[in-house]
Amino acid sequence: MHRDRGAVRRVPTGLILGVALVAAAFAIRGVSPAFTGWGLPDRAQDTITLALSVIIESAPFVFLGILLSTVVQVWLPHGFITRFLPRQPLLRRACISLLGMFFPVCECGNVPLARGFMVGGFTVPESITFLLAAPILNPITIITTHQAFGWGDGILLTRIVAGFVIANVIGWLFSRHPDPDSLLTRTFSASCALPDASGHDDGRAGGQHEGHSHTHGARAGRIERSVDLFTRETAVIMPALFIGSLIAALTQVFVPRSVLLALGSNPVWSVLAMIALAFIVAVCSNVDAFFVLSFGSTFMPGGIAAFLTFGAMIDVKMLALMRTTFTTRTLVQITALVALMSTAAGLLVNYVA
């Protein structure tokens, strides 16, 4: 009973913290024009505005991802999703890379969702495959990219194919790792080793004659665990979102975009410049096609395709979120692999298409 009361006491603090941070972001954004009267330097005002824009754009998807992660861990039977997947590893990861079609959450929300999948039975390589593929291979991203570019210049097709191939190649490479669990942070690895969050044994003790009360108790217990899990995930993910958003804003303010634009007409540099831009601006994958559409007249199609591929998988905000789960060394390896393969895809479009 003492443990349960402690869990209840933790609920208000975590929920208030998460809600207060997001509410503060919206409130500050609402009065942001008033900053000019406070005498803040232009760069400081730009940094605040950009950081708040990233937070406000990302926060709903982060909370949706945490909510879906809670459902996967608490309400679905352990291994519910994995039981429908093929046993053959390559085919299994290929199917996992398409799960974004059923969980259309952008890259921010996919981090807590991937965490939930690992707790629910996914291996580390399978989770990485999902994490990289889902932001691209989901209906919202595909529809918005089509609305922006149609099928012209091979941009949409390249994004879909490259997203699938890159995620599966990286998943396969990490599946060859001798100790995949070492790719995780100690904190998250320890949380995965805890008893199953779904608590499916609840209500079994005490005999069948009290089945109704046990069912009610099990449901109440799951609701309590859901709130507790949502709170803990919010406390872990939201600070990372704020830090990543601030870094993205600072980078945009202090790195001249004119340098990137000057490279747009070169087949090689246009790809490299757009990958750098994608890393900096940290735009949500569900709307990044409309953002980069304005660069279509300046940059070659391969650069646009590289932006849409790399940026959906890796950016400064995404790395801050992923650091809650994976070690720094793992993130460096993932980033390098995604960058190399996204560059190859962009160059292929520029020189072949």
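These remarks concern the structure in this document. Note that the coordinates shown come from a computational prediction; the quantities given were computed from them, not determined experimentally.

### Quick notes on the overall build of the protein
Here is step 1 of the chain: Within the protein, the secondary structure is distributed over 15 helices and zero strands.
Here is step 2 of the chain: The buried share among the 353 residues of the protein stands at 48%.
Here is step 3 of the chain: Nonlocal contacts in the protein, meaning residues at least 24 apart in sequence, comprise 82% of its contacts between residues at least 6 apart.
Here is step 4 of the chain: Total accessible area on the protein is roughly 16,300 Å²; 69% of this is exposed by carbon and sulfur atoms.

### Side note on the packing of helix α6 (residues 139-149) against helix α7 (residues 155-175)
Here is step 1 of the chain: Look at α6 against α7: their axes get within 9 Å of each other, and the N-to-C directions meet at 155°. With respect to α7, the element α6 is oriented roughly antiparallel. You can see that α6 and α7 cross each other, and the crossing is right-handed. Residues T141, I142, T145, H146 and F149 of α6 form the contact with α7, whose own contacting residues are I155, L156, R159 and I160.
Here is step 2 of the chain: Residues that form the contact of α6 with α7 fall into these classes: five nonpolar, three polar and one charged.

### Describing the packing of aromatic side chains
Here is step 1 of the chain: Scanning the entire structure with this criterion turns up three aromatic pairs.
Here is step 2 of the chain: On the basis of an interplanar angle of 15° and a centroid distance of 6.1 Å, the ring pair of F63 and F230 is categorised as stacked. Of this pair, F63 sits in helix α2 (residues 42-75) while F230 sits in helix α9 (residues 211-254), and the two are 167 residues apart along the sequence.
Here is step 3 of the chain: Relative to F130, the ring of F117 lies with its centre 4.9 Å away and its plane at 80°, an arrangement referred to as edge-to-face. Note that F117 is positioned in helix α4 (residues 107-119) and F130 in helix α5 (residues 124-133), a separation of 13 residues in sequence.
Here is step 4 of the chain: Aromatic ring contacts, followed pair by pair, group F117, F122 and F130 into a single cluster.

### Some thoughts on the environment of F295
Here is step 1 of the chain: With respect to the element layout, F295 can be found in the loop between α12 (288-293) and α13 (301-313).
Here is step 2 of the chain: Measuring from C-alpha to C-alpha, the distance between F295 and G264 comes to 8.7 Å, with 31 residues separating the pair along the chain.

### Describing helix α3 (residues 89-96)
Here is step 1 of the chain: When we look at burial in α3, the residues that qualify are R92, R93, A94 and I96.
Here is step 2 of the chain: Backbone nitrogen of L90 and a side-chain oxygen of the N-cap are separated by 2.9 Å at the start of α3; the cap is Q88.

### With respect to the environment of R323
Here is step 1 of the chain: Take R323: it is sitting in the loop between α14 (316-322) and α15 (328-352).
Here is step 2 of the chain: For R323, a relative accessible area of 38% gives the class partly exposed.
Here is step 3 of the chain: Along the chain, R323 and V111 lie 212 residues apart, while their C-alpha atoms are 9.8 Å from each other.
Here is step 4 of the chain: Among all residues touching R323, those that are not within four sequence positions of it are T185, T328 and L331.
Here is step 5 of the chain: Among the polar contacts listed, one links the side chain of R323 to the backbone oxygen of F326, at a separation of 3.3 Å.

Rules used in this analysis
Residues numbered from 1 in each chain as written. Predicted model: local features only at pLDDT ≥ 70, side-chain atom pairs only at ≥ 80, totals over all residues. Heavy atoms only, no water. Helix = DSSP H or I, 4+ residues; strand = E, 2+ residues; numbered from the N terminus. Buried < 20%, exposed > 50% of the residue type's maximum accessible area, 1.4 Å probe, protein only. Contact = heavy atoms within 4.5 Å. Areas by Shrake-Rupley, 256 points an atom, 1.4 Å probe, with all protein chains shown as cover. Axes fitted to C-alpha atoms, helices over the stretch in contact; angles between N-to-C directions. Parallel < 35°, antiparallel > 145°, perpendicular 65-115°, else oblique. Left-handed = near helix turned anticlockwise from the far one by under 90°. Nonpolar A, V, L, I, M, F, W, Y, C, P; charged D, E, K, R; others polar. Phe/Tyr/Trp six-rings, centres within 6.5 Å; stacked < 30°, edge-to-face > 60°. Polar contact = N/O pair within 3.5 Å; in protein donor to acceptor, adjacent residues only side chain to side chain.

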